[in-house]
Amino acid sequence: MGFNWNWEFTWEILPKLMHATLNTLMAAGFGYAIAVVLGMVFALAQRTPYWALTKVVREFIEFIRSTPLILQIFFVYYVGPQFGLKLGPWTAGMIAIGLHYSAYLSEVYRGGLDAVPKGQWEACTALNMSTRDTYWRIVIPQAIPPALAGMGNYLVGIFKDTPMLSVIGVAELMHTANAIGSSSYRYLEPYTLVGIIFLAISLPNAALIRVFEDRVRRKLGLK
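## A word on the pattern of salt bridges
Opposite charge on two side chains lets them pair, provided their charged atoms get close.
Next up, step 1: Following the criterion strictly, the structure yields 8 salt bridges and no others.
Next up, step 2: For glutamate 62, the salt bridge identified is with arginine 65, shortest N-O distance 3.6 Å. Highlighted residues: glutamate 62 and arginine 65, both in helix 2 (residues 51–66), separated by 3 residues, approximately one helical turn.
Next up, step 3: On the accessibility criterion, glutamate 62 (39% relative accessible area) is partly exposed.
Next up, step 4: The partner of arginine 110 in a salt bridge is aspartate 114, with the nearest N and O atoms 3.9 Å apart.

Right under this line is the structure:
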C-alpha cells in the first residue's frame, strides 16, 4: 500500500483534535499543579524531626516511582471505589498524574533544598526565626532556582504522558485519534496530526522553560 494522505479528511477531523488538545492541556495543567504542591509537601515531610513520618514518606515515594503510571491510573479509577473513593475519569486521571509526578518533583525539590548553603540555616537559627519563616522566607526562595530545570522537564513529561488517560476514557488527544480511526478506518491522518500537535506544543514549551530559567537565575544573580 502506498502513501495515501486525504486532505479533505484531515480538515474534517482537525477541529475535533484541536478540541481534544485543549482537554489534554487542561489535564496536564491540573496534574502538574497537583504535582508541584504535593511534591513540595513530600519534600518537606522528609525533613521533619519525626523519623517515622520521614520513613513512611520516603517509602511511599519509592513505591510511586517504582510502579508504572498506567497502573496508578487504573488503581485510582477502578480500585478507588472499593474504598469509597468514586471519581470520574477526569478527576481520577489528574489525581493519578499529579500523584505520580509529585514523587519525582519531591526529589527535585530535595536537591534544591540540599543546595542551600548550611550557613543560611545557621543564620536563621541565630536570628531565632521560626521553622516556617526559615523555609518560606529564606530557604525555599533559594532552593527553587536550581530546581527549575527539573520542574520544567517534568511539565513536558506530564504533557507527553496524558495519552495514558485514554485507558479510562478521558477524551484527550490519543483517545480522540483512536475514536476517529476506529470509526473511519483511517489512522494515518489522526495519528500524524497528534504527533505534530505534541511536537508543536512540547518543543516551544521546552524552549520557553529554558528562557524563564535563565531570567530567574539572572535576576537572582546566579548567572
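## Observations concerning the nonpolar core
Next up, step 1: Membership of the largest hydrophobic core comes to 44 residues, with the highest contact counts inside it found for Leu17, Leu113, Met151 and Leu173.
Next up, step 2: Counting residues per element, the ones that place at least two in this core are helix 1 (7–45), helix 3 (69–79), helix 4 (89–115), helix 6 (131–161), helix 7 (173–184) and helix 8 (188–219).
Next up, step 3: Per-element accounting of this core gives the leading share, 10 residues, to helix 1.
Next up, step 4: The next biggest cluster of nonpolar side chains, apart from the first, holds 6 residues, and it includes Phe42, Ala45, Ile64 and Ala103.

The rules behind these values
- Residues numbered from 1 in each chain as written.
- Predicted model: local features only at pLDDT ≥ 70, side-chain atom pairs only at ≥ 80, totals over all residues.
- Heavy atoms only, no water.
- Salt bridge = Lys/Arg side-chain N within 4 Å of Asp/Glu carboxyl O.
- Helix = DSSP H or I, 4+ residues; strand = E, 2+ residues; numbered from the N terminus.
- Buried < 20%, exposed > 50% of the residue type's maximum accessible area, 1.4 Å probe, protein only.
- Core = buried A, V, L, I, M, F, W, Y, C linked by side-chain atoms within 4.5 Å.

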